[in-house]
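So the chains spell out like this:
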There are 2 protein chains.
Amino acid sequence: MANEKIPYKIYLEESEMPKAWYNLRADMKNKPAPLLNPATHQPMKAEELAPVFCEELIKQELDNDTKFFPIPEEIRNFYKMYRPSPLVRAYCLEEKLGTPAKIYYKFEGNNTSGSHKLNSAIAQAYYAKKQGLKGVTTETGAGQWGTALSMACAYFDLDCKVYMVKVSYEQKPFRREVMRTYGASVTPSPSMDTQVGRKILAEHPGTTGSLGCAISEAVEVATSSEGYRYVLGSVLNQVLLHQSVIGLETKAALDKYGIKPDIIIGCAGGGSNLGGLIAPFMGEKLRGEADYRIVAVEPASCPSLTRGKYAYDFCDTGMVCPLAKMYTLGSGFIPAPNHAGGLRYHGMSSTLSQLYDDGLMEATSVPQTAVFEAAEYFARAEGILPAPESSHAIKVAMDEAIKCKETGEEKTIVFGLTGTGYFDMVAYEKFHDGKMDDYIPTDEEIAANFAKLPKVD
Amino acid sequence: MANEKIPYKIYLEESEMPKAWYNLRADMKNKPAPLLNPATHQPMKAEELAPVFCEELIKQELDNDTKFFPIPEEIRNFYKMYRPSPLVRAYCLEEKLGTPAKIYYKFEGNNTSGSHKLNSAIAQAYYAKKQGLKGVTTETGAGQWGTALSMACAYFDLDCKVYMVKVSYEQKPFRREVMRTYGASVTPSPSMDTQVGRKILAEHPGTTGSLGCAISEAVEVATSSEGYRYVLGSVLNQVLLHQSVIGLETKAALDKYGIKPDIIIGCAGGGSNLGGLIAPFMGEKLRGEADYRIVAVEPASCPSLTRGKYAYDFCDTGMVCPLAKMYTLGSGFIPAPNHAGGLRYHGMSSTLSQLYDDGLMEATSVPQTAVFEAAEYFARAEGILPAPESSHAIKVAMDEAIKCKETGEEKTIVFGLTGTGYFDMVAYEKFHDGKMDDYIPTDEEIAANFAKLPKVD
């Protein structure tokens, strides 16, 4: 079909959907650094992780060698309810920009969780069910992950306990109601349910919570409840593995029409979307079969790749989780109020951190107001109302397309549109009313947190 | 492909998308009654409608004979950004219900307006642009129509003035922000902008507005502003014509796999979705080529088909619009608080009213709590969070599937899933908290409004 007119949306047939996830680590010469036991600083073994995580997921987490993991049929059937997601040719955006560039985006927002998070949520729920568990616990900030996990647990009839950062719980009651619709229990964090919650509330009675604290509560509940495990929506290798379905579909759709991208762009918080989108392309690059520019986009308010340090750090504030080697701003770093809640994480996936350190991908950061300007421009051209997180990628894709207009180059740009912004209208309102915050941390603020990194030889 | 396994989602190719809208009226023996001038009670002529509506749309409105109207290329290109919409085989719902029935739904919620309203909004904006207008005015209640029109106007660079029922404006700030994102001005109605608004505010200072009042304001602004016309999202023949794209795609997708439905179900407020979904099937029925059970579902709180009178009535409370012959509860009927905002209209499309009166379709009404129970059941099975309006159709489709379980019949059920419920979480919250209202009007309440119907010979 190489010479056909490219449709507005390329949908794969169900028979063309990926049957296995691709494990990028298998093609990496420099493997991502292992998780360390926070007490001994020795690599975590499967049995040490077993009280916290599901067995099959631990295998996926620790396996740097197996290239493909078959996707179980039950998960493939669930995927068929909302996948394949469309690869959209942004004809209207191209025309509005007047660019000779060809812009494509992989749109992951056409499901009720409103984002790509469902791809991993359903896998994690499946393995929990298979292990005979009663339920799972997790934390959620912006709410996409909590929503996705609630949907997945409803499907497999698993109990789902979500610890939601208190400020989000109060400011995003609609997200909370969606989770309740899918049968999850949603608790504002910090809560009186846990030791760590009670301790924090005693020390800081008025606190509105943090992601780090919610993680600590969710882990405590999982490890102290019979038949429960903890699950996480980003950062981990297993999550990137599941999210490879995004990149595999993207590549299959492009191949179908003989399209070779020049630049691949994704927003990056913990790395789940970016790691999934770029996986098969980075694989080709690692194997020397093709070359692509790959760009991670992060908020200027939380710039872990562009201004962080590549070091071992705590994944949570409570310091109950293993240490991970990653580009980090320090686990004590509190990003300024910033509406892309999904990108407000102090660290970055170990896999992506290693690839970045090896010079295999680029990173850039963008300020919030410019992101919303791009979001609104995109919405008016392409119809879709993008999530603030996704709009970071839109901003940089548009910038690259404008450069093409100046140089006359007909580059092919692919970016990940991870989700929709229906639950982010408070942020859009601030933007419309000129009240958006563009705070960028100073070098001193960032350096202060580096001082608190754990000492690992 | 008749014997292939039916995929979870049937997507048409772009080349299979409809190139013309189908005008159901052309196949009706008993044509819908004409709009009447409210003063003279004579059929409205094109020139009388011209100050209010766009020229091409008036032609479409009054034409009972032309069977197909070609869809202009500009509109087809816009459709390609979010259409074809999927026809989904509800495998998971069937399994959960344990029914031998085969259930399909046409899902119209995969666009930012969150509903099928965009199909007509883009057509109306196109004809306004073609006529060289500066902009359009409209009213919105629940907000789907206002959002759809804002998106369409942004695309064609038209000004868009939306009068939003004040209570919705205040209770649904997020809907308002979506419209602002697409550049529309949104005014709470009644407002001080118009004579009719000022009059109502003087008489009822604390009023929270009504759809009827918002229509009157939008019409006044359109007729008193140079280069503006008024547009409407339901009830009118032209709207049903544009919405026929839903039914045409549904039929093409079913035909592709040799599927013949037994029952077709849609929710009905003003009739835009139902009229569009059933159009080609009803056409076959009218021409004696096939037979189907066709079922309109309305809320028990606003039962125009099941308990209304077939008579000429005012379309708006301000009585500035033409009279339409329809099943009506009387233009003074105020439905009890009910969260399916899009179904709270006192009347019903003239075309559907005539078909119902001729015994060509059935109608049934369902109470609100049962609708939300069905919505939640559906959400947990199929993933999609349905709009309250759409959930009326879900409820009856599920009831029919349960009947099949009892009788062992393998009926094929098709229903219209008109949209998503992301902006309806307040209603879901009331449902979760057991605070949902199930008020059904008494015979006396309904009869009282019949007394106020205009006298037309």
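## Brief notes about the sheet that holds strand β6 (residues 135-140) of chain B
All names here are of chain B.
So, step 1. Sheet architecture is open: four strands sit in the order β8-β7-β6-β9, paired in parallel fashion. Looking at which strands have only one partner, the edges of the open sheet turn out to be β8 (185-189) and β9 (228-230). Across the sheet, the axes of successive neighbouring strands diverge by a mean angle of 25°, strand direction being ignored.
So, step 2. Pairing of β6 with strand β7 (residues 159-165) involves six bridges; the strand directions are parallel. Pairing of Thr137 across the sheet is with Lys161, part of β7.
So, step 3. Packed on one face of the sheet, helix α6 (residues 144-156) meets β6 and β7 and runs near 165° to β6.

## What about the pattern of salt bridges?
All names here are of chain B.
So, step 1. Considering all chains together, one arrives at 54 salt bridges over all chains under this definition.
So, step 2. The salt bridge involving Lys199 is made with Glu203; its shortest N-O contact spans 3.8 Å. You can see Lys199 and its partner Glu203 sitting in helix α9 (residues 195-203), four residues apart, about one turn around the helix.
So, step 3. Note on Lys199: relative accessible area 54%, which makes it exposed.

## As for the relation of the copies chain B and chain A
So, step 1. Rotating chain B by 180° about the axis while translating it 0.0 Å along that axis superimposes it on chain A, leaving an RMSD of 0.0 Å. Given the turn and translation reported, the copies of this chain are related as if by a two-fold rotation axis. By C-alpha distance to the rotation axis, the residue of chain B lying nearest is Asn110 of chain B, at 3.1 Å.
So, step 2. Mapped onto chain A, 100% of the interface residues of chain B again fall at the interface, so both copies present the same surface.

## Observations concerning α6 of chain B
All names here are of chain B.
So, step 1. Here α6 is 13 residues long and its end C-alpha atoms lie 19 Å apart, about the 18 Å a rise of 1.5 Å per residue gives.
So, step 2. With 11 of its 13 residues buried, α6 lies for the most part within the structure.
So, step 3. Where α6 is concerned, the buried positions are Gln144, Trp145, Gly146, Thr147, Ala148, Leu149, Ser150, Met151, Ala152, Cys153 and Phe156.
So, step 4. Looking at the buried positions of α6, the neighbouring elements they touch are α3 (73-82), α5 (118-130), β6, β7, α8 (173-181) and α16 (388-407).

## Let's talk about helix α9 (residues 195-203) of chain A
All names here are of chain A.
So, step 1. Every buried residue of α9 is listed here: Gly197, Ile200 and Leu201. Here the buried residues of α9 occupy an arc of 100° about the axis, which is enough to place them on one side. Exposed side of α9, more than 90 degrees from the buried face: Gln195, Lys199, Ala202 and Glu203 are the residues found there.
So, step 2. Those residues of α9 that are buried are in contact with α7 (166-171) and α10 (211-224).

## Focus on the packing of aromatic side chains
So, step 1. By the definition in use, this model includes 39 aromatic pairs over all chains.
So, step 2. Relative to Phe68 of chain B, the ring of Tyr22 of chain B has its centre 5.6 Å away and its plane inclined at 40°; by these criteria the two rings are tilted. Residue Tyr22 of chain B is located in strand β2 (residues 20-22), and its partner Phe68 of chain B is located in strand β3 (residues 68-70); the two are separated by 46 residues in the primary sequence.
So, step 3. On the basis of relative accessible area, Tyr22 of chain B is assigned to the buried category, the value being 4%.
So, step 4. Overall, Phe68 of chain B belongs to the partly exposed group, its relative accessible area being 47%.
So, step 5. Put simply, the rings of Phe78, Tyr79, Tyr82, Tyr126, Tyr127, Tyr155 and Phe156 of chain A pair up and form one aromatic cluster.
So, step 6. Of note, Lys325 of chain B hangs over the ring of Tyr310 of chain B, and the distance from its end group to the ring centre comes to 4.6 Å.

## Considering the side chain of Lys117 of chain A
Residues and elements named next belong to chain A.
So, step 1. Its location among the elements puts Lys117 in the loop between β5 (102-107) and α5 (118-130).
So, step 2. The side chain of Lys117 sits in the buried core without any salt bridge; Glu139 is the nearest counter-charge, 8.3 Å away.
So, step 3. At 3.3 Å, the side chain of Lys117 forms a polar contact with the side chain of Ser272.
So, step 4. Every residue in contact with Lys117, bar those within four places of it in the chain, is listed here: Gln144, Trp145, Ala148, Gly233, Ser234, Gln243 and Ser272.

## Section: the sheet that holds strand β9 (residues 228-230) of chain A
Residue and element names in this part refer to chain A.
So, step 1. Pairing in this open sheet of four strands is parallel, and the strands run β8-β7-β6-β9 from one edge to the other. Two strands in the sheet have a free side with no partner beyond their single neighbour: β8 (185-189) and β9. Averaged over all adjacent pairs, the angle separating strand axes in this sheet is 25°, with direction ignored.
So, step 2. Contacts between α10 and the sheet are confined to β6 (135-140), β7 (159-165), β8 and β9, with β6 contributing the most and set at about 170° to the helix.

## Details of the side chain of Thr138 of chain A
All names here are of chain A.
So, step 1. Of note, Thr138 is situated in strand β6.
So, step 2. Among the polar contacts made by the side chain of Thr138, one reaches the main-chain carbonyl oxygen of Val231 at a distance of 2.7 Å.
So, step 3. In this structure Thr138 touches Trp145, Leu149, Lys161, Val162, Tyr163, Ala218, Tyr230, Val231 and Leu232, once residues within four positions along its chain are discounted.

## Quick notes on the pairing of strand β13 (residues 323-328) of chain B
Residues and elements named next belong to chain B.
So, step 1. With five of six residues buried, β13 lies mostly within the body of the structure.
So, step 2. Across six bridges, the pairing between strand β12 (residues 309-314) and β13 is antiparallel. Residue pairing for β13: Tyr310 is matched across the bridge by Tyr327.

## Quick notes on the interface of chain B and chain A
So, step 1. Listed by partner, the interface residues are 43 residues for chain B and 43 residues for chain A.
So, step 2. Across the chain B to chain A interface the summed buried area is about 4000 Å²; carbon plus sulfur atoms make up 58%.
So, step 3. For the interface between chain B and chain A, the tally reads four salt bridges.
So, step 4. For the side of chain B that touches chain A, the secondary structure elements donating two or more residues are α3, α6, α8, α15 (368-382) and α17 (425-432) of chain B.
So, step 5. Per element, the largest residue contribution to the side of chain B that touches chain A is six residues, and it comes from α8 of chain B.

## A short note on the environment of Met28 of chain B
Residues and elements named next belong to chain B.
So, step 1. Mapping Met28 onto the fold places it in the loop between β2 and α1 (46-49).
So, step 2. Look at Met28 and you get buried, because its relative accessible area is 4%.
So, step 3. Along the primary structure Met28 and Glu298 are separated by 270 residues, whereas in three dimensions their C-alpha atoms are 23 Å apart.
So, step 4. What Met28 contacts, discounting residues up to four positions off in sequence, is Leu286, Thr351, Gln354 and Leu355.

## Some details on the domain arrangement of chain A
Accessible area lost upon the coming together of the parts serves often as the stated size of an interface.
All names here are of chain A.
So, step 1. According to the domain assignment, chain A consists of domain 1 (9-16 + 83-114 + 241-450) and domain 2 (21-70 + 116-230).
So, step 2. Between domain 1 and domain 2, the C-alpha centre-to-centre distance is 22 Å.
So, step 3. Buried area between domain 1 and domain 2, both sides added, is near 3700 Å², and the carbon and sulfur share of it is 64%.
So, step 4. By the criterion of area lost to domain 2, the three top residues of domain 1 are Leu241, His242 and Phe423, representing 20% of everything that side buries.
So, step 5. Along the contact surface separating domain 1 from domain 2 lie two salt bridges.

Cut-offs used in this document
Residues numbered from 1 in each chain as written. Chains lettered and ligands numbered in written order. Predicted model: local features only at pLDDT ≥ 70, side-chain atom pairs only at ≥ 80, totals over all residues. Heavy atoms only, no water. Pairing = 2+ DSSP bridges. Helix = DSSP H or I, 4+ residues; strand = E, 2+ residues; numbered from the N terminus. Axes fitted to C-alpha atoms, helices over the stretch in contact; angles between N-to-C directions. Contact = heavy atoms within 4.5 Å. Salt bridge = Lys/Arg side-chain N within 4 Å of Asp/Glu carboxyl O. Buried < 20%, exposed > 50% of the residue type's maximum accessible area, 1.4 Å probe, protein only. Least-squares fit on C-alpha atoms with pLDDT ≥ 70 in both. Expected span 1.5 Å × (residues − 1). Arc of directions from axis to C-beta. Phe/Tyr/Trp six-rings, centres within 6.5 Å; stacked < 30°, edge-to-face > 60°. Lys NZ or Arg CZ within 6 Å of the ring centre and 35° of its normal. Lys, Arg positive; Asp, Glu negative; His and termini not counted. Polar contact = N/O pair within 3.5 Å; in protein donor to acceptor, adjacent residues only side chain to side chain. Buried area = accessible area lost by both parts, 1.4 Å probe. Domains from an automatic or database assignment.

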